[in-house]
Amino acid sequence: MKNTILMILLLIVNSVNAQKKSDFLGSWTLVSVENINQDRTKNLPYDVNPKGFLFFDEKGNYAIQIYKSERVKIVSGDKNKCTPEENTAIVQGSNSHFGEYEIDETNHTITFKIKTASFPNWENTIQKRSYIFKNNELKYIVTNTTQGGKSVTAEVVWKKL
C-alpha cells in the first residue's frame, strides 16, 4: 500500500513539473546571457540588461534575436558606410537566427535546426540544447557558442510574455 501511494505521489509531482510542447509556444523576452569560459570565469557578452526576443510557433518554426542593451549609433547614418569600429560593435553586439525546432520533453532538450543566422558558421547546422523550464522561465545551455565555439558555453534565460 505504501509503495502504491508513493508511486501515485511521484506521478503527480512528475506531471506537475513536466512541460508540454505547448508551454513553449509564443513569445519570450530575454532575461540574460552569461558566457562561461574553460577556466570557469564568466562574462556577459550582451551586457547586464540585454534585449532579445524568442518565438516558437505551432508549426515548428522559431526565431531568436539578441542585442546588447546599449549600442552606439552609426555616425554617418548609413550602415553601408560604417567605420571598422562601428561594424565590430554591430557584429559583437547582436546575434540572431531562425529555422525549425523540436522539443524533447523526456530528455529536456531543444533542437534548433538553424536555417539562417547572423553568425554564418551556424547556418544549416543542428544544435541541441539542454533546458530547464521553471516558473515561466526557460533556461538553456549553448555548447557551441559564437564566442569561442566549444571553448565557451553560454547560459541563456528567457521569460514567457
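Residues numbered from 1 in each chain as written. Predicted model: local features only at pLDDT ≥ 70, side-chain atom pairs only at ≥ 80, totals over all residues. Heavy atoms only, no water.

Quick look at the nonpolar core
Line of reasoning, step 1. If you look at the biggest cluster of nonpolar residues, it comprises 25 residues, and the most contacted ones within it are Phe56, Phe112, Leu138, Tyr140 and Trp158.
Line of reasoning, step 2. Those elements that provide at least two residues to this core are strand 1 (26-37), strand 3 (51-56), strand 4 (61-67), strand 5 (94-104), strand 6 (109-117), strand 7 (125-134), strand 8 (137-142) and strand 9 (152-160).
Line of reasoning, step 3. Looking at this core element by element, the count peaks at four residues for strand 6. (Core = buried A, V, L, I, M, F, W, Y, C linked by side-chain atoms within 4.5 Å. Buried < 20%, exposed > 50% of the residue type's maximum accessible area, 1.4 Å probe, protein only. Helix = DSSP H or I, 4+ residues; strand = E, 2+ residues; numbered from the N terminus.)

Overview of the pattern of salt bridges
Line of reasoning, step 1. Overall, the coordinates contain three salt bridges when judged by the stated rule.
Line of reasoning, step 2. Between glutamate 100 and lysine 115 there is a salt bridge, with its nearest N and O atoms 3.4 Å apart. Here the residue glutamate 100 occupies a position in strand 5, and lysine 115 occupies one in strand 6, the gap between them amounting to 15 residues.
Line of reasoning, step 3. For lysine 115, a relative accessible area of 43% puts it in the partly exposed group.
Line of reasoning, step 4. Of the charged contacts in the structure, one is a salt bridge between glutamate 102 and lysine 113, with a shortest N-O distance of 2.7 Å. Of the two residues, glutamate 102 is situated in strand 5 and lysine 113 in strand 6; the sequence distance between them amounts to 11 residues.
Line of reasoning, step 5. By relative accessible area, which is 29% here, lysine 113 ends up partly exposed. (Salt bridge = Lys/Arg side-chain N within 4 Å of Asp/Glu carboxyl O.)

Re the pairing of strand 1
Line of reasoning, step 1. Both strand 1 and strand 3 contribute to a ladder of four bridges, which runs antiparallel. Residue pairing across strands places glycine 26 opposite phenylalanine 56, the latter belonging to strand 3.
Line of reasoning, step 2. With nine bridges joining them, strand 1 and strand 9 adopt antiparallel strand pairing. Across the sheet, tryptophan 28 pairs through a bridge with lysine 160, a residue of strand 9. (Pairing = 2+ DSSP bridges.)

What to know about the packing of aromatic side chains
Line of reasoning, step 1. According to the stated counting rule, one finds nine aromatic pairs in the structure shown.
Line of reasoning, step 2. Between the aromatic rings of phenylalanine 24 and phenylalanine 56, the centroid separation amounts to 6.1 Å while the plane-to-plane angle is 90°, which identifies the pairing as edge-to-face. Taken together, the positions of phenylalanine 24 in the loop between helix 1 (2-17) and strand 1 and phenylalanine 56 in strand 3 put the pair 32 residues apart, joining distant regions of the chain.
Line of reasoning, step 3. With relative accessibility at 0%, the residue phenylalanine 24 sits in the buried group.
Line of reasoning, step 4. According to the relative accessible area criterion, phenylalanine 56 is buried, its value standing at 1%.
Line of reasoning, step 5. Here the aromatic residues Phe24, Trp28, Phe56, Tyr62, Tyr101, Phe112, Tyr131, Phe133 and Tyr140 are joined through ring pairs into a cluster of three or more. (Phe/Tyr/Trp six-rings, centres within 6.5 Å; stacked < 30°, edge-to-face > 60°.)

Points about unusual backbone geometry
Line of reasoning, step 1. A positive phi angle, near 55°, is found at histidine 108, a position not held by glycine.
Line of reasoning, step 2. Its location among the elements puts histidine 108 in the loop between strand 5 and strand 6.
Line of reasoning, step 3. Overall, the relative accessible area of 34% leaves histidine 108 in the partly exposed class.
Line of reasoning, step 4. A positive phi angle is found at asparagine 136, which is not glycine, with a value near 65°.

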